Protein chains: 2
Amino acid sequence: MRPPRAPRAYLVCVGSELLAGQLNTHQAWLSLRLRRRGFDVAGESSVPDSAAAIKTALRRALDAADAVIVCGGLGPTFDDVTREAAAAALGRKLRFAPKLWRAIRARLARRLAAVPEENRRQAEVLAGAEVLANAAGSAPGQRLEFRWRDGRPRSLILLPGPYSEMAPIFERVLPRLAARHARGAGAGLVLRLAGVPESVADERLDAVRARFPAASFTILASGGEVSFHAAVRARTAAAARGELKRLRRRALDAVGQWCFGEGDATLESALGLRLRESRLTLAVAESCTGGLLGGRLTSVPGSSAWFYGGVIAYDNALKTKLLGVSSRLLRAYGAVSAQCAEAMAAGARRAAGTDIGVSITGVAGPDGGTKDKPVGLVHIAVSGPGTALLSRRHDLRGSRETVRSRAASAALTLLQEALDGPSLTGTRLTVPSRFHRIGAT
Amino acid sequence: MRPPRAPRAYLVCVGSELLAGQLNTHQAWLSLRLRRRGFDVAGESSVPDSAAAIKTALRRALDAADAVIVCGGLGPTFDDVTREAAAAALGRKLRFAPKLWRAIRARLARRLAAVPEENRRQAEVLAGAEVLANAAGSAPGQRLEFRWRDGRPRSLILLPGPYSEMAPIFERVLPRLAARHARGAGAGLVLRLAGVPESVADERLDAVRARFPAASFTILASGGEVSFHAAVRARTAAAARGELKRLRRRALDAVGQWCFGEGDATLESALGLRLRESRLTLAVAESCTGGLLGGRLTSVPGSSAWFYGGVIAYDNALKTKLLGVSSRLLRAYGAVSAQCAEAMAAGARRAAGTDIGVSITGVAGPDGGTKDKPVGLVHIAVSGPGTALLSRRHDLRGSRETVRSRAASAALTLLQEALDGPSLTGTRLTVPSRFHRIGAT
């Protein structure tokens, strides 16, 4: 029996800045979450801060999909016109909500001496809509359930533009949105891979796709990581779960060796979990990444249990002074060398008094490359108890920011490998000794 | 005399992956370049690899704009259907171009043993279109100049999806596109502000908007920074420049005190410029940001001229060991205190041997907050030569990542202030002494 078609969602991203060079990150973030909940994302429109443009986009989106998600244009300023445009598109009134205004005013009064009268507009709500509380800002979201001109049910969700406000509201409302438009049942998974090129993962997964022709698949590559997304549909939730379980097993047979986590797992959160379980502590020594690796590690809530800190040794003098890398070594091999990376990793471990030290040194560019040490050359090392040492050379491509971000990812991957035992990653070991399952010292 | 309206462009991004979690980076890249050439970007649509969806999006885009730029869907596989969809949208034939096919085949034969018959489709060209050679891949672009159903001229540009193929073709075709649709002249500016809430900046800029009713404006807030975008149009380039100059002066009268740079300037690049000019060097001591500040500073190419590095002192033991913060101070005031921030900043300066040290210590959350020291409490300090010291308390709101990113921005703002002299930022000074224009030691 064929499962019913997936419910459709459409995204409308509001903001002239999206048409003036600002990166639209909401589209990817929202699409991923909608897909996981069984929605087919039928399209996305970015529109300027113009009531007429928003109104047209909304009506077209409502013609095309069951659920329309709008982000942006709920602020207090003259160019925030999503509320008015939505009212015009639906032929509904906006109602001023005095209770909501009191809450917004109280919130703003904590930060501002005088609450601008402009913010009053944020208390205007589409007639019949539910207010979606915003814990992180003054613009509340709105959710309206109604019948569109074809007589069929629609959901319209208005979300504030800033990510930190949009994301928690959307995560809260999504389960209800999915329940409302459920037709049959969907189930999805995401496998997170590192240390493997996209094309290799893709080839390995061919067999999985062939075996599950009714499922939908996406492979995405970004910043040295690859993610594999799969979604299945069935008449019942139990059937969807069963199908997904079989698919997951096949997929792990194909690419499990590179899989560091599932769902929203990041390289750093997966690593943190491993360190916490093993009761191991970590310190960093960063040169070309200048703190990016530490920044990513400390993005994990509770990272203080296993991350102590470290040294940003951008200048060579700091490599010597704070990490104990000898001037002789720097003269003989240079700062971008396996030898320096290894000494930095050991130095981080020693300086911070941790079980493990990890280091990054490289040429991020755009200048500073030579024939022997071109832009993109990065050495990474992991130092463990005793003489345990794992180090690797990478030849990365791309802009300064790409090289730096991939270098940080590569360091996290090498740490995983040090904890996991051997794996094939297609890169070269510069030092044959490696350590696995380091015991807590 | 009223200037003519700006020519309009519309973007259509083709690819199911854009609706499944893949970041759409073409939209920002193309928008920026079109705006700089005087186009108003009227909108963007992301559509799946479906001929019907692409056709509908193309017709709507052609109704809305003078020039429509389409990327993606020009590959050889079954799901590359942009050529067919464009032909259907315009009611034009696709013509097989034997000469183009020979060129594509010769190119592929260099890499592949057998050239797939599938690639023939890449030699199909919209009747009347010019072929845009692709030096980096097999899919050529296409450019068609024609009259749309309203009888007015349109340009349709088809570009391949991969950035490395799309970008050079677009850079080559853009000057001709701009020349074809030129009407009058445009000029624009971006002012970058920090240390001011969006609503306050917005209120101050009201007068500017009132005085330049024909100009277009956007205000954008992100991570503790605010940017103000303005664009003017006039009959001639000289008139547009003159108008923009007057607008800029008014805007700086309104918000100049918070303006750290213009155009593509970031807080870190503007600061780097100031440090380089003043021949001053900088080191960091980061607790709750764990390296984010160092990561941002080193994102600036050439930052090694003024940034030496520093210490990530996430754990208190490292604050003592590497930064010399006394255990007594930590016991008396705690790690999240003005006293600790000041000792950390001085310690960073001393450890790295730089002119200036900057520190961040705070409660990023989600856990670890107390009544006295809630989540979002952040202390920042700048230490200069001698006893020069500037320190500030911030009560930040939002998620862990928002608090951390705003804390890093606040540290950059405090550094600017230390270099600039006094400014009103609406935040509290915990220490009355401050230093301006630090001389190089």
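Residues numbered from 1 in each chain as written. Chains lettered and ligands numbered in written order. Predicted model: local features only at pLDDT ≥ 70, side-chain atom pairs only at ≥ 80, totals over all residues.

(A) The sheet that holds strand 10 (residues 216-222) of chain B, seen in detail. Residues and elements named next belong to chain B. The strand order 10-11-9-12 describes an open sheet built from 4 strands, whose pairing is antiparallel. The open sheet is flanked by strand 10 and strand 12 (259-262), the only strands paired with a single partner. Geometrically, the sheet is characterised by an average inter-axis angle of 20° between neighbouring strands, direction not taken into account. With 3 bridges connecting them, strand 9 (residues 185-194) and strand 12 associate as antiparallel partners. Bridge pairing links Arg-192 to Gly-261 in strand 12. (Pairing = 2+ DSSP bridges. Helix = DSSP H or I, 4+ residues; strand = E, 2+ residues; numbered from the N terminus. Axes fitted to C-alpha atoms, helices over the stretch in contact; angles between N-to-C directions.)

(B) Geometry of the environment of A:Pro160. All names here are of chain A. Turning to its location among the elements, Pro-160 is positioned in the loop between strand 8 (153-159) and helix 5 (163-181). Residue Pro-160 is classed as buried on the basis of its 26 C-beta neighbours within 10 Å. Between the C-alpha atoms of Pro-160 and Gly-137, which are 23 residues apart in sequence, the distance is 8.7 Å. Discounting residues that sit within four places of it in the chain, Pro-160 has contacts with Leu-74, Asn-134, Gly-137, Ala-139, Gly-141, Glu-165 and Met-166. (Buried ≥ 20, exposed ≤ 12 C-beta atoms within 10 Å, placed from the backbone. Contact = placed C-beta atoms within 7 Å.)

(C) Highlighting the pairing of strand 8 (residues 153-159) of chain B. Residues and elements named next belong to chain B. Across the 7 residues that make up strand 8, a large majority, 6, are buried. For strand 3 (residues 67-71) and strand 8, the ladder comprises 5 bridges, and the chain directions are parallel. Bridged to Cys-71 within strand 8 is Leu-159. Here 6 bridges tie strand 7 (residues 141-147) to strand 8, and the two strands are oriented antiparallel to one another. Among the inter-strand pairings, Phe-146 is bridged to a residue of strand 8, identified as Arg-154.

(D) Spotlight on the sheet that holds strand 7 (residues 141-147) of chain A. With respect to topology, 12 strands assemble into an open sheet ordered 6(A)-7(A)-8(A)-3(A)-1(A)-2(A)-2(B)-1(B)-3(B)-8(B)-7(B)-6(B), the strand pairing being mixed. The sheet is open, and its two edges are formed by strand 6 (130-132) of chain A together with strand 6 (130-132) of chain B, each paired on a single side. Shown here is a sheet whose adjacent strand axes are inclined to one another by a mean of 15°, direction ignored. Here 5 bridges tie strand 1 (residues 8-14) of chain A to strand 3 (residues 67-71) of chain A, and the two strands are oriented parallel to one another. Paired with A:Leu11 across the bridge in strand 3 of chain A is A:Ile69. Against the sheet, helix 5 (residues 163-181) of chain B contacts strand 3, strand 6, strand 7 and strand 8 of chain B, and its axis sits at roughly 175° relative to strand 8 of chain B.

(E) Just the pairing of strand 15 (residues 356-362) of chain A, in detail. All names here are of chain A. Buried residues dominate strand 15, accounting for 7 of its 7 residues. Covered by surrounding structure in strand 15 are Ile-356, Val-358, Ile-360 and Gly-362 together with Gly-357, Ser-359 and Thr-361, the residues of both alternating faces. Across 6 bridges, the pairing between strand 15 and strand 16 (residues 377-383) is antiparallel. For Val-358, the partnering residue across the bridge sits in strand 16 and is Val-382.

(F) View of the interface of chain B and chain A. Counting from both sides, the interface comprises 64 residues of chain B and, opposite them, 67 residues of chain A. A total of 7 residues in the side of chain B that touches chain A trace back to one element, the largest contributor, which is strand 14 (residues 307-313) of chain B. Taken together, the residues that form the side of chain B that touches chain A break down as 27 nonpolar, 26 polar and 11 charged. (Nonpolar A, V, L, I, M, F, W, Y, C, P; charged D, E, K, R; others polar.)

(G) Broad picture of the environment of A:Ser303. All names here are of chain A. Tracing the backbone shows Ser-303 in the loop between helix 9 (292-297) and strand 14 (307-313). Residue class for Ser-303 comes out buried when judged on the 23 C-beta atoms lying within 10 Å of it. In this structure, the C-alpha to C-alpha distance between Ser-303 and Ala-57, residues 246 residues apart in sequence, is 43 Å. Excluding residues within four positions of it along the chain, Ser-303 makes contact with Gly-272, Leu-297 and Thr-298.

(H) Quick peek at the packing of helix 10 (residues 316-323) of chain A against helix 12 (residues 338-352) of chain A. All names here are of chain A. Their axes nearest at 9 Å, the elements helix 10 and helix 12 cross at an angle of 45°. On the basis of the axis angle, helix 10 is oblique to helix 12. Contacts between helix 10 and helix 12 involve Lys-319, Leu-322 and Leu-323 from the former and Met-344, Gly-347, Ala-348 and Ala-351 from the latter. When its residues are assigned to classes, the contact of helix 10 with helix 12 shows 5 nonpolar, 1 polar and 1 charged. (Parallel < 35°, antiparallel > 145°, perpendicular 65-115°, else oblique.)

(I) The arrangement of unusual backbone geometry in detail. Residues and elements named next belong to chain A. Here the amide bond leading from Gly-365 into Pro-366 is cis, since omega sits at 0°, within 30 degrees of zero. Assignment of secondary structure puts Pro-366 in the loop between strand 15 and strand 16. The backbone phi angle of Arg-279 is positive, close to 55°, even though this residue is not glycine. Within the fold, Arg-279 resides in the loop between helix 8 (267-278) and strand 13 (282-286).

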